Amino acid sequence: MTHRELIEKAKTVLRPRTLSGENTAGDVACALLSSRGNLYLGVCIDVSSGIGFCAEHSAIAAMITAGESGIAKIVAVASDYTVLAPCGRCREFMVQIDPANLASTEVVLGEEKALKLRELLPHPYAQSWK
């Protein structure tokens, strides 16, 4: 799957909406291609108490539910179609669910740009400092 195709898949679930109160969902979407070649999608949920989660977490949860943990490619897209780099929490989450993701996951940053997760997270939490 090309970067462009993955970006377009993420766009299909972008549906910004208001939940109860000032809580929102769907203004960032994620498409994830697993190492087995399966596609998983997710959206963010933002709630006032701070317990919401990013679109990447949602897509990763769908992948974990299906019994997978390896991420080949991942992209997040905002409601204005801007491609976003994953936040630090998402970067660490990808490594925590499968350490192999650090070296193998390609983070899509645009139609013509991607970096390995290791380049965005050079020092994961569990790294040994001996």
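In this text the structure is predicted, and so the values were computed from the model without any measurement. (Residues numbered from 1 in each chain as written. Predicted model: local features only at pLDDT ≥ 70, side-chain atom pairs only at ≥ 80, totals over all residues. Heavy atoms only, no water.)

## Some points on the pattern of salt bridges
- Evaluation of the coordinates by the stated rule reveals two salt bridges.
- In this structure, R4 engages E111 in a salt bridge whose closest nitrogen and oxygen atoms are separated by 3.4 Å. Taken together, the residues R4 in helix 1 (residues 3-11) and E111 in the loop between strand 6 (106-110) and strand 7 (113-116) connect sequence positions 107 residues apart.
- Put simply, K11 and E8 hold a salt bridge, and the shortest N to O gap is 3.2 Å. Of the two residues, K11 and E8 both sit in helix 1, three residues apart, roughly one turn of that helix. (Salt bridge = Lys/Arg side-chain N within 4 Å of Asp/Glu carboxyl O. Helix = DSSP H or I, 4+ residues; strand = E, 2+ residues; numbered from the N terminus.)

## Considerations on helix 3 (residues 88-97)
- Along helix 3, the residues that are buried comprise C90, R91, E92, M94 and V95.
- Where helix 3 is buried, its residues contact helix 2 (55-65), strand 4 (71-78), helix 4 (101-104) and helix 5 (117-120). (Buried < 20%, exposed > 50% of the residue type's maximum accessible area, 1.4 Å probe, protein only. Contact = heavy atoms within 4.5 Å.)

## Description of the side chain of N23
- Tracing the chain through its elements places N23 in the loop between strand 1 (17-18) and strand 2 (24-34).
- A distance of 2.8 Å separates a polar side-chain atom of N23 from the backbone nitrogen of S48.
- Setting aside its immediate chain neighbours within four residues, N23 contacts R17, T18, D46, V47 and S48. (Polar contact = N/O pair within 3.5 Å; in protein donor to acceptor, adjacent residues only side chain to side chain.)

## Observations concerning the environment of Q96
- Looking at the element boundaries, Q96 is found in helix 3.
- On the accessibility criterion, Q96 (46% relative accessible area) is partly exposed.
- Distance in space between the C-alpha atoms of Q96 and K9 is 25 Å, their sequence separation being 87 residues.
- Among the polar contacts listed, one links the side chain of Q96 to the side chain of E92, at a separation of 2.7 Å.

## Regarding the packing of aromatic side chains
- Under the counting rule described, the total for this entry stands at zero aromatic pairs.
- In this structure, K11 packs its charged tip against the face of Y81, placed 4.5 Å from the ring centre. (Phe/Tyr/Trp six-rings, centres within 6.5 Å; stacked < 30°, edge-to-face > 60°. Lys NZ or Arg CZ within 6 Å of the ring centre and 35° of its normal.)

## Regarding the pairing of strand 3 (residues 39-46)
- The pairing of strand 2 with strand 3 spans seven bridges and is antiparallel. Looking across to strand 3, one finds that A29 is bridged to V43.
- Hairpin remark: strand 2 followed by strand 3, antiparallel, with four residues in the connecting loop; positive phi at G37, about 90 degrees. (Pairing = 2+ DSSP bridges.)

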